[in-house]
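What follows is the residue order along each chain.
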Amino acid sequence: MPAFASLSVPSPSTADDHRAARLVIVFFAIAFAAGLSACSSRAVLTTPNGFVSLPEDSLYTPVCYKAVSADDVVLLVRRQRDQAKGNVDFWSEAITRELLERQGYELLASRDVSAGGLSGKLSSFRGAIGNRVFRYELAVFVQDSDVLTVEAGSPEDSYESNAPVIQSAIESLHFE
Amino acid sequence: MTRTQLLLFVCSLQLTACGGAMSAMKVSGMAESYREGGYDSDSYLRNESADFQGPLEKKQAAPATLEPIETALAEDGEAQPVADDAKPTTLRRMVIYTAHVTMSVVDLPKAMSQASTAGEALGGWIQASSTDSLVLRVPAERFRDFLASVRELGTVVDEDIVGQDVTEEFLDLEIRLRNALALRDRFEALLVKANSVADTLAIETELARITTQIEQMKGRLRYLQQQIAFSTVHLNFTQPQGSKSTRIRLPFSWLSAMGLHGLYQVEVR
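Note that residues are indexed from 1 along each chain, following the sequence as it is written. The order in which chains are written sets their letters, starting at A; the order in which ligands are written sets their numbers, starting at 1. Side-chain atom pairs in this predicted model are given and counted only at pLDDT of 80 or more, local residue features only at pLDDT of at least 70, and totals for whole chains, interfaces and linings cover all residues.

Draft legend 1. Structural detail: the pairing of strand S8 (residues 146-155) of chain A. Residues and elements named next belong to chain A. Three exposure classes are used, based on other C-beta atoms lying within 10 Å of a residue's own C-beta, which is placed from the backbone: buried for 20 or more, exposed for 12 or fewer, and partly exposed in between. Numbering of helices and strands runs from the N terminus; a helix is a DSSP stretch of H or I covering at least four residues, while a strand is a stretch of E covering at least two. Across the ten residues of S8, eight count as buried, placing the element largely inside the fold. Here a strand pair is declared whenever DSSP counts at least two bridges between the two strands. Bridging between strand S7 (residues 132-143) and S8 involves ten bridges; their strand directions are antiparallel. The residue bridging Phe-141 from the neighbouring strand is Leu-148, located in S8. As consecutive antiparallel partners, S7 and S8 are separated by two residues, and within that stretch Asp-144 has a phi angle of approximately 50°, a positive value.

Draft legend 2. Structural view of the interface of chain A and chain B. With 30 residues of chain A at the contact, the number on the chain B side is 23 residues. Elements with a contribution of two residues or more to the side of chain A that touches chain B: strand S3 (63-69), strand S4 (74-81), helix H3 (88-102), strand S6 (118-129), S7 and S8 of chain A. If one sorts the elements of the side of chain A that touches chain B by residue count, H3(A) sits on top with six residues. Side-chain classes are defined by residue name, with Ala, Val, Leu, Ile, Met, Phe, Trp, Tyr, Cys and Pro counting as nonpolar, Asp, Glu, Lys and Arg as charged, and the others, Gly among them, as polar. A per-class count over the side of chain A that touches chain B returns 15 nonpolar, seven polar and eight charged. We call two residues in contact whenever the C-beta atoms placed from their backbones are within 7 Å.

Draft legend 3. Quick peek at the nonpolar core. Think of a nonpolar core as buried Ala, Val, Leu, Ile, Met, Phe, Trp, Tyr and Cys residues chained together by C-beta atoms that fall within 7 Å. Grouped together as the largest cluster of nonpolar side chains are 68 residues, with contacts concentrated most on Ala139(A), Ile170(A), Val150(B) and Leu235(B). Apart from residues no more than four positions distant in its own chain, Ala139(A) is found in contact with Val113(A), Ala115(A), Gly120(A), Leu122(A), Thr149(A), Val150(A) and Ile170(A). Within the second largest apolar cluster, nine residues are counted, among which are Leu183(B), Phe187(B), Ile203(B) and Leu221(B).

Draft legend 4. Structural detail: the environment of Asp71(A). Residue and element names in this part refer to chain A. Relative to the helices and strands, Asp-71 is located in the loop between S3 and S4. Residue Asp-71 is classed as exposed on the basis of its C-beta count, with 12 C-beta atoms lying within 10 Å. Between the alpha carbons of Asp-71 and Phe-51 there is a distance of 9.5 Å; along the sequence they are 20 residues apart.

Draft legend 5. Quick peek at the confidence of the model for chain B. pLDDT is a residue-level measure of predictor confidence that goes from 0 to 100. Of the residues in chain B, 61% have a pLDDT of 70 or more, and the chain-wide mean is 72. Between residues 15-89 of chain B, whose pLDDT stays under 50, and residues either more than four places distant or in other chains, the model counts 93 contacts.

Draft legend 6. Spatial organisation of the sheet that holds strand S1 (residues 95-104) of chain B. Residue and element names in this part refer to chain B. The strand order across the open sheet built from five strands is S2-S3-S5-S1-S4, with neighbouring strands paired in mixed fashion. Both outer strands of the open sheet, strand S2 (125-129) and strand S4 (155-165), are each paired with one neighbouring strand and no more. Direction aside, the axes of adjacent strands within the sheet are offset by 20° on average. By the bridge criterion, seven bridges tie S1 to strand S5 (residues 230-238) in an arrangement that is parallel. Across the sheet, residue His-100 finds its bridge partner in S5, namely His-234. Axis definition: a line fit to C-alpha positions, over the contact stretch in the case of helices; interaxial angles, taken between N-to-C directions, run 0 to 180 degrees. Along the sheet, helix H5 (residues 108-121) contacts S1, S2, strand S3 (133-139) and S5; its crossing angle with S3, the most-contacted strand, is approximately 15°.

Draft legend 7. How the structure looks around the packing of helix H7 (residues 167-193) of chain B against helix H8 (residues 197-229) of chain B. All names here are of chain B. Running from N to C, H7 and H8 point in directions that differ by 155°, and their axes come no closer than 9 Å. By the angle class used here, H7 and H8 are roughly antiparallel. Considering how the two elements wind past one another, H7 and H8 form a crossing that is left-handed. The class makeup of the residues in the contact of H7 with H8 is 16 nonpolar, three polar and eight charged. Should an angle fall under 35 degrees it is taken as roughly parallel, and over 145 as roughly antiparallel, whereas 65 to 115 is taken as roughly perpendicular and any remaining angle as oblique. For any helix crossing, the convention is left-handed if the near helix is rotated counterclockwise from the far helix by under a right angle, and right-handed if that rotation is clockwise.

The structure is reproduced here in structure tokens:
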């Protein structure tokens, strides 16, 4: 019974095909699960007047929310998997050091902040893109196994007028 | 009066002038003039008449002692000008302060503008400027205040403060100037009494020489006074450069995506 035998004792090439197929299925399952995890609780802001939020399906992972104004103010929420299980202080310090030591930002202020039922840390930076100077506000939260960052960028020259809107937007973090 | 007699008389005048200059009473009188709110060498320079009485003759005071170089370094290690009213019983040191400060700032034009404004608000002025540097002169008594305000503009990369003590040179110049003025007055008196062409020429030659010396000493005194009154601050500005850190990168690649570039360049499908 060569056919049966061939089934019970598959040739080496057939076994490799099956193993490869299983790996592909496992890969997609993990990717799907990760995608579900990232999007199952979508972190968003209340879009301020004068801003438009971009459609969810137009955003790349890990961006959950993005809104822009006509005068170059950008609001952004990102969710990163936190397999290291760091707390708010760790992630806030890690990002701050990245910005100060590697990207040449200037730290202006830092304070505790609460939003969406989470406690986090809000830091204010000054940085530049080319010759243009910007303010960069960054709030860091930790939720379960994720790091949530709420970012806001504004040109320095219009920051004072936009500051109240940016602060309100950051504190409006909630989950859909 | 023969020429020999004239030369002997001139030599005796020189010796008399030099010998009298270093008396303790005169030094103590000069010290007293400093204690009364700083020495005004302009008034000194303005008064050149034969009966001129500068601070040396005007004051009779207890002998002064030169205090140790107090410029010094304050407790926090920063050099600072000596306050006018500090230690009234001792001679005030005369120090020229110069600072070189290199700052790292994100907004370079704004930082330069703020530094200029701060210097001018303290009574200073801009001596020189370029696209990324400034040289400011600020009143010596506000030197420390100005440096403090500059440090708030960004991150101090390098700071170097030098205090050059010119007390000895200043006092020496003043004494030499006083003696030269007195000598010139005596030559002028002699010139009136001269009764021969030869004597007149000899005296006028001496007068020309001493007048040149007087002008040189006056110029140097004015320069020193200006340098003492206004400290010089050289400011160099740089913009922070990323990726120069030798810090070990944390094993979370997404950290490098944080910041304005990530914020403004996150692609949308």
